[in-house]
Amino acid sequence: MSVSPRLARTFVRCRPSLRSHPCVHRPLRAATFVGPSHNRPIHSSPMLLTKPTNPDPRENPANELAPNADVNVGQKRLADFDLKGKVFIVTGAAQGLGLALAEGLVEAGGKVYCLDRESEPDEHFAEARKRVVPEWGGSLHYRKQDVLDTRDLDKTITEIADDNGRLDGVVAAAGIQQVTPAVEYEPEDTARMLAVNFTGVLMTATASARQMMKYRCRGSICLIASMSGSVANKGLLSPVYNSSKAALIQLARNLSMEWSPIQRDGTGGIRVNCISPGHILTPMVRKNFEEVPGLRAKWEGENMMGRLAETTEFKGAALFLLSNASSFMTGTNLIIDGGHTSW
Ligand SMILES: NC(=O)c1ccc[n+]([C@@H]2O[C@H](COP(=O)([O-])OP(=O)(O)OC[C@H]3O[C@@H](n4cnc5c(N)ncnc54)[C@H](O)[C@@H]3O)[C@@H](O)[C@H]2O)c1
């Protein structure tokens, strides 16, 4: 019987010695350049023939992440959403969307650290804490931390991971907004916006990923972008804010490419996704309404549901992204906008 070359390769790939170790990862092949440099498009760097992070599917240690169909079934209401025993960080969680998402993670049993530049969280934090049901295993903590102070941010995230011996997930929600016509934008305004909305998020993600790698946690990172990263908002002159959110949508793709595969040393398996909310009633948006008369009515009429969102309407999405329920989801952007960008 003749064996096709493809089948033969399959037999070689499935050698017992390779299959027996769950964390086997094919070694990276030496980089091979495609063609002479003068044949390459001028904007490209030398293209590599290797796919550095995509091992053969049959030997891929990421298979360990696929939910076992028999585990937890019938034990509890959809156990994929259970966060008991897991540790999370939410930035920008002194108020608004970040705080609501933090509360959602606690309700699912997570231990959640809220980080924010404010010395104290607003009154909703104490209310959220009172609602925590200890038997479900969750707890809510607060640390003052400006994401612009990247050295200190790294230290805080390291301390949280070290104290708990793990870090399972992060929501990067700290963000600022500025309404200014493009021709009036000063370089300082631009730098400030990007420092918080882009660099702050990137540094939150990288500091967290380092800890997830250290503790070999198959973590999940959720960047809070915005539908404003995909469209221009009618009636709101915020060109740099919108661009900063578009940058996060791209950042999630790149970080997920780097961190999602599991490496030979056991690091990796870290998923990165964005949530892109539509207009939500938060302190940030209430300020927009004060600045721009008639904006509220305009925005309410701009989505298919004819209303603005409440912060609580995003809890389920964050829980989904940070739990096992989304174990095959990475590098993507979840738009939740009442249909605003769909017509
Ligand atoms: N409200 C909306 O309609 C809407 C829509 C889409 C996306 N978003 C995004 O959701 C996130 C939360 O927005 P929100 O509406 O709740 O705003 P918010 O102003 O109510 O809350 C933002 C929080 O981020 C904190 N923060 C700002 N700069 C910080 C820094 N340097 N370090 C640490 N914390 C900092 C603030 O102190 C505040 O507590 C933002 O990233 C925002 O861009 C909001």
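The structure contained in this document is the topic of the report that follows. (Residues numbered from 1 in each chain as written. Predicted model: local features only at pLDDT ≥ 70, side-chain atom pairs only at ≥ 80, totals over all residues. Heavy atoms only, no water.)

1. Overview of the pattern of salt bridges
In step 1: Within this structure, the stated rule accounts for 10 salt bridges.
In step 2: Its salt-bridge partner being Arg166, residue Asp168 comes within 2.7 Å of it at the nearest N-O pair.
In step 3: A residue is classified by how much of its surface remains accessible, and Asp168, at 9% relative accessible area, is buried.
In step 4: The class for Arg166 is partly exposed, based on a relative accessible area of 28%.
In step 5: A salt bridge links Glu313 to Arg307, with the nearest nitrogen and oxygen atoms 2.7 Å apart.
In step 6: Classification of Glu313 as partly exposed rests on a relative accessible area of 37%. (Salt bridge = Lys/Arg side-chain N within 4 Å of Asp/Glu carboxyl O. Buried < 20%, exposed > 50% of the residue type's maximum accessible area, 1.4 Å probe, protein only.)

2. Regarding the sheet that holds strand β5 (residues 220-224)
In step 1: Ordered in space as β3-β2-β1-β4-β5-β6-β7, the seven strands form an open sheet in which the pairing is parallel. Looking at strand neighbours, the two that pair on one side only are β3 (139-144) and β7 (333-336), the edges of this open sheet. Within the sheet, the average angular offset between the axes of one strand and its neighbour, ignoring direction, is 20°.
In step 2: In this sheet, strand β6 (residues 271-277) lies alongside β5 in parallel orientation, the contact comprising five bridges. Paired with Ser220 across the bridge in β6 is Arg271. (Pairing = 2+ DSSP bridges. Helix = DSSP H or I, 4+ residues; strand = E, 2+ residues; numbered from the N terminus. Axes fitted to C-alpha atoms, helices over the stretch in contact; angles between N-to-C directions.)

3. A look at the nonpolar core
In step 1: Ile89, Leu167, Ile221, Leu223 and Trp259 are the most contacted members of the largest nonpolar core, which has 38 residues in total.
In step 2: Counting only elements with at least two residues in this core, the list comes to β1 (87-91), β2 (111-116), α5 (150-164), β4 (169-172), α6 (187-214), β5, α7 (239-259) and β6.
In step 3: Leaving out residues up to four positions away in the same chain, Ile89 has contacts with Tyr113, Leu115, Ile157, Ile160, Leu167, Gly169, Val170 and Val171.
In step 4: Listed in part, the 33 residues of the second largest apolar core include Phe88, Ala128, Ala318 and Leu321. (Core = buried A, V, L, I, M, F, W, Y, C linked by side-chain atoms within 4.5 Å. Contact = heavy atoms within 4.5 Å.)

4. Remarks on the site of the ligand
In step 1: In the vicinity of the ligand lie 30 residues, with Asp116, Asp146, Tyr241, Ile280 and Thr282 positioned nearest.
In step 2: Between an oxygen atom of the ligand and a main-chain N or O atom of Ala173, the distance comes to 2.9 Å.
In step 3: Here an oxygen atom of the ligand and a side-chain polar atom of Thr282 are 2.5 Å apart.
In step 4: The greatest single-element share of the shell around the ligand, amounting to three residues, is contributed by helix α8 (residues 283-291).
In step 5: The residue inventory of the shell around the ligand, partitioned by class, reads 16 nonpolar, nine polar and five charged. (Near = heavy atom within 4 Å. Polar contact = N/O pair within 3.5 Å; in protein donor to acceptor, adjacent residues only side chain to side chain. Nonpolar A, V, L, I, M, F, W, Y, C, P; charged D, E, K, R; others polar.)

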